[in-house]
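Here are the chains, one letter per residue:
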Amino acid sequence: MVTLRQPDGSYTWKRRTTGQSLALWFGWLLGVAAFVWCWRYISEATTWFFVWDAPRIAGDILERATPPRWSYMDQLWGPIWDTFNIATLGTIAALFMAVPVAFLAARNTTPRMPFFAGAARVFPKVIRDILFVETGDGNFTLSIVRPIALLVIVATRSINSLIWALLLIAIIGPGVFAGIVAISIRSIGFCAKLLYEAIEEISPVQVEAIQATGAGRLQTIIYGIVPQIMPAFAGIAVFRWDINIRESTVLGLVGAGGIGLQLSGSLNTLAWPQVSLILLVILVAVVIGEWVSAKVRGAII
Amino acid sequence: MSDEALHAEPSELDLLIGTSWKKPHFIQRPWLRWGLLIGGLVYLVLAISSVEVNWMRVYEGLDRGAAFIKAFMEPNFVKRAGDIEEGMIESIYMTVTSSAVGILISIPIGLGAARNIAPLPVYLVCRAIISISRALQEIIVAILLVAIFGFGPLAGFLTLSFATIGFLSKLLAEDIESMDRVQAEAVKATGASWWQWIVYSVLPQVKPRLIGLSMYRIDINFRESAILGLVGAGGIGATLNTAFDRYEYDTAAAILIIIIVIVMGLEYLSGIVRAKVQ
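The shown structure was predicted, so the numbers you read here are calculated from the model rather than taken from an experiment.

Of the regular secondary structure elements, chain A holds 13 helices and five strands. Rg of the C-alpha trace for chain A: 27 Å, well past the compact-globule value of 19 Å for 301 residues, more than 25% over. The contacts of chain A with a sequence gap of at least 6 include a subset with a gap of at least 24, amounting to 70%.

Laid out in structure tokens, this is it:
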């Protein structure tokens, strides 16, 4: 924000200097150019004839899909139960694996050893932030397991549960079990990341108080850290369960059990009335999941 | 109930030696605590017994699991380099275009879904759009759009744009609803028009968060673009699926490693951008 002096000696307020305006304009120009470049590729890869025909096709599908085949519901209860189990058991398994990872990834709980400050400063900041933990007095401690825990977190959360399911089906065969394992692996990174951030934010005062009583390492964790992160933990668990309900509804598309299996079967046979019923069921499941999770989180926080 | 326990008359022995401290329970009400515990155990037994696991098949699969881990150690970027490059470029193009369009559309919808700015009819319409977008899984939207628009990255682009709108508008609307009223009133008091009011008082307040969330969404869009190919909506997913089908684990591992590296890079970049704007 600047004030500009006018020829007649008065001042006017302007939001940006000329240089800032130019930089902003140039930034937008670059952005638009990048967008146009990318769009050209997508446009080339598209058969526009189909796109112009799309409203008719959409109307056609809608007409075929209504009304939903309500009698098909009898065959859906089993898959719904499976879907619920994939989400719930997957979340529980994920939490068991995420807790140790989170404790190893949090700067204040990961095992560390003292390190020469001068040598630590040689590393660029990106690497230093991962390898070392800076203590309050400007010294550095080296942690060997923290980078591994961070790698587990980033690897499990960058890969979608559908891809995990594809992989697990190749390894342990199609079915509900592959879905549970896929959901649990995918959830480790998410839960561990949120949990380790919660651990890093705890108050050190309580931990020191427990340590002052002569508590051991495990006792310090149980009495000093766990009570502080328990609300965050419960919130994360319910939050992830809600997301997993959504994800487990589509795992069946690749053969990992649940209602997605029926969806994929109905799509392949072009049974649109069944597809619309399944989509309705999924919608209801997602809304219920979100409602439960909001209620529980409201009760905790 | 717990009050009674706390204020119960201590016995003679307690007075002599003092009562020892007990860790308070996470859930205070005993009936709720025991109900949840027993209900949870019953559910676990029922659920686990309903999961059929073919342990023979799992055992046989362990070899393939080992093969995959081995492939991860020595990924093959070269064998299908052409396919990988093509799929990756498509994924990146889809991410860029859908993020740009999604963010642009989600700003007006976010403004419309904030109760302190929008009139009730606009509010309801915008909230309805957000709910629909959030309730539908990306992959399901992609299936429907592929059926309507045909195979190719256009269906993926539309899917990701639609999903971006639901995600970003909701968080933007929440941010606008919790903004500082004083600045808004000050700008209004200068006689600013509605448009000026939005540009000079509302948007500057939510801009840091909007930029941060947009960066996060770009990251999500890239990750999602990796699976849309499974249903024919373009991107690296198709290449990945083919690699799995051919049991070419080394190529699959190479693709997964590229995805992880790009996601890490995006996360690092968004960290820098967020630190800058805040």
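Now that the structure is up, let's keep going.
The number of helices and strands found in chain B is 12 helices and zero strands. Helices and strands appear in chain B in the N-to-C order α-α-α-α-α-α-α-α-α-α-α-α. With the C-alpha coordinates of chain B rotated into their principal frame, the extents come out at 85 × 75 × 35 Å. Per-residue burial for chain B yields a buried fraction of 38% across its 278 residues. Considering only residue pairs separated by 6 or more positions, chain B has 71% of its internal contacts joining residues 24 or more positions apart.

Right, let's talk about the packing of helix α8 (residues 161–172) of chain A against helix α4 (residues 55–73) of chain B for a bit. The contact between α8(A) and α4(B) brings their axes to 6 Å, and the two run at 125 degrees. As summarised for this structure, α8(A) and α4(B) are arranged oblique, according to the angle between their axes. In this structure, α8(A) uses A:L167, A:A170, A:I171 and A:I172 to contact α4(B), whose residues at the interface are B:R57, B:V58, B:G61, B:R64, B:G65 and B:F68. Here the contact of α8(A) with α4(B) is built from residues that sort into six nonpolar, two polar and two charged.

What follows covers the sheet that holds strand β4 (residues 132–134) of chain A. All names here are of chain A. Pairing within the open sheet is antiparallel, and its three strands lie in the order β3-β5-β4. Two strands bound the open sheet, and with one partner strand each, they are β3 (113–115) and β4. Each adjacent strand pair in this sheet contributes to an overall mean axis angle of 40 degrees, direction not counted. Bridge analysis of β4 against strand β5 (residues 140–142) gives three bridges, and the strand direction is antiparallel. Of the residues in β5, the one forming a bridge with F132 is L142.

Where interface size is quoted, it is often the accessible area lost as the parts come together. Under the domain assignment used here, chain B contains domain 1 (2–50) and domain 2 (83–277). Placing the centre of domain 1 of chain B and that of domain 2 of chain B at their C-alpha centroids yields a distance of 46 Å.

What follows concerns the confidence of the model for chain A. Taken as a whole, chain A shows an average pLDDT of 86; of its residues, 98% reach a score of 70 or greater. Mean pLDDT values over the elements of chain A span from 68, in strand β1 (residues 2–5) of chain A, up to 93, in helix α4 (residues 77–105) of chain A.

Moving on, we come to the interface of chain A and chain B. On the side of chain B, 43 residues touch chain A, which itself brings 47 residues to the contact. Top element by residues in the side of chain A that touches chain B is α8(A). It accounts for seven residues. Residue classes in the side of chain A that touches chain B are distributed as 37 nonpolar, nine polar and one charged.

Let us look at the environment of A:Q75. Structurally, A:Q75 is set in the loop between α3 (54–65) and α4. Along the primary structure A:Q75 and A:Q262 are separated by 187 residues, whereas in three dimensions their C-alpha atoms are 9.1 Å apart.

Of note, B:L171 is situated in helix α8 (residues 153–177). Here the alpha-carbon distance between B:L171 and B:A114, two residues 57 residues apart in the chain, equals 10.0 Å.

Moving on to the domain arrangement of chain A. For chain A, the domain assignment lists domain 1 (2–45) and domain 2 (70–107 + 143–300). Taking only C-alpha atoms, the centre of domain 1 of chain A and the centre of domain 2 of chain A are 43 Å apart.

With that settled, consider the environment of A:L195. All names here are of chain A. Locating L195 in the fold gives a position in helix α9 (residues 176–200). Note on L195: 24 C-beta atoms within 10 Å, which makes it buried. Sequence separation between L195 and I210 is 15 residues; the distance between their C-alpha atoms is 21 Å. Apart from residues lying up to four places away in sequence, L195 is in contact with A98, V99, A102, I229, A232, F233 and I236.

A rise of 1.5 Å per residue sets the reference length of helix α11 (residues 217–250) of chain A, with its 34 residues, at 50 Å; its end C-alpha atoms lie only 43 Å apart and thus fall more than 12% short of the reference. Most pronounced at A:V226, the bend in α11(A) amounts to some 55 degrees, and the proline A:P227 follows within four residues.

Let's shift gears to the packing of helix α7 (residues 138–149) of chain B against α8(B). All names here are of chain B. In contact at an axis separation of 9 Å, α7 and α8 are set at 140 degrees when each is read in the N-to-C sense. Taken as axis vectors, α7 and α8 run oblique relative to one another. The element α7 and its partner α8 pack so that their crossing is right-handed. Where α7 abuts α8, its residues E138, V141, A142, L145, V146 and F149 lie against L154, A155, G156, L158, T159, F162 and A163.

Attention now moves to the nonpolar core. Ranked by internal contacts, the top residues of the largest apolar core, which has 132 residues, are A:A165 and A:L195. At 15 residues, α9(A) tops the list of elements feeding residues into this core.

Residue A:P67 is reached from A:T66 by a cis peptide bond, and omega for that bond is -10 degrees. Of note in the backbone geometry, A:L270 takes a positive phi value of approximately 55 degrees without being a glycine. Within the secondary structure, A:L270 is located in the loop between α12 (259–268) and α13 (272–300). According to the C-beta neighbour criterion, A:L270 is exposed, with 11 such atoms within 10 Å. A positive phi angle, close to 55 degrees, is found at B:Y247, a residue other than glycine. Tracing the sequence through the fold places B:Y247 in the loop between α11 (236–245) and α12 (249–277).

Conventions and cut-offs
Residues numbered from 1 in each chain as written. Chains lettered and ligands numbered in written order. Predicted model: local features only at pLDDT ≥ 70, side-chain atom pairs only at ≥ 80, totals over all residues. Helix = DSSP H or I, 4+ residues; strand = E, 2+ residues; numbered from the N terminus. Rg over C-alpha atoms; globule rule 2.2 N^0.38 Å. Contact = placed C-beta atoms within 7 Å. Buried ≥ 20, exposed ≤ 12 C-beta atoms within 10 Å, placed from the backbone. Axes fitted to C-alpha atoms, helices over the stretch in contact; angles between N-to-C directions. Parallel < 35°, antiparallel > 145°, perpendicular 65-115°, else oblique. Nonpolar A, V, L, I, M, F, W, Y, C, P; charged D, E, K, R; others polar. Pairing = 2+ DSSP bridges. Domains from an automatic or database assignment. pLDDT = per-residue confidence, 0-100. Expected span 1.5 Å × (residues − 1). Bend = angle between axes of the 7 residues up to and from the residue. Left-handed = near helix turned anticlockwise from the far one by under 90°. Core = buried A, V, L, I, M, F, W, Y, C linked by C-beta atoms within 7 Å.

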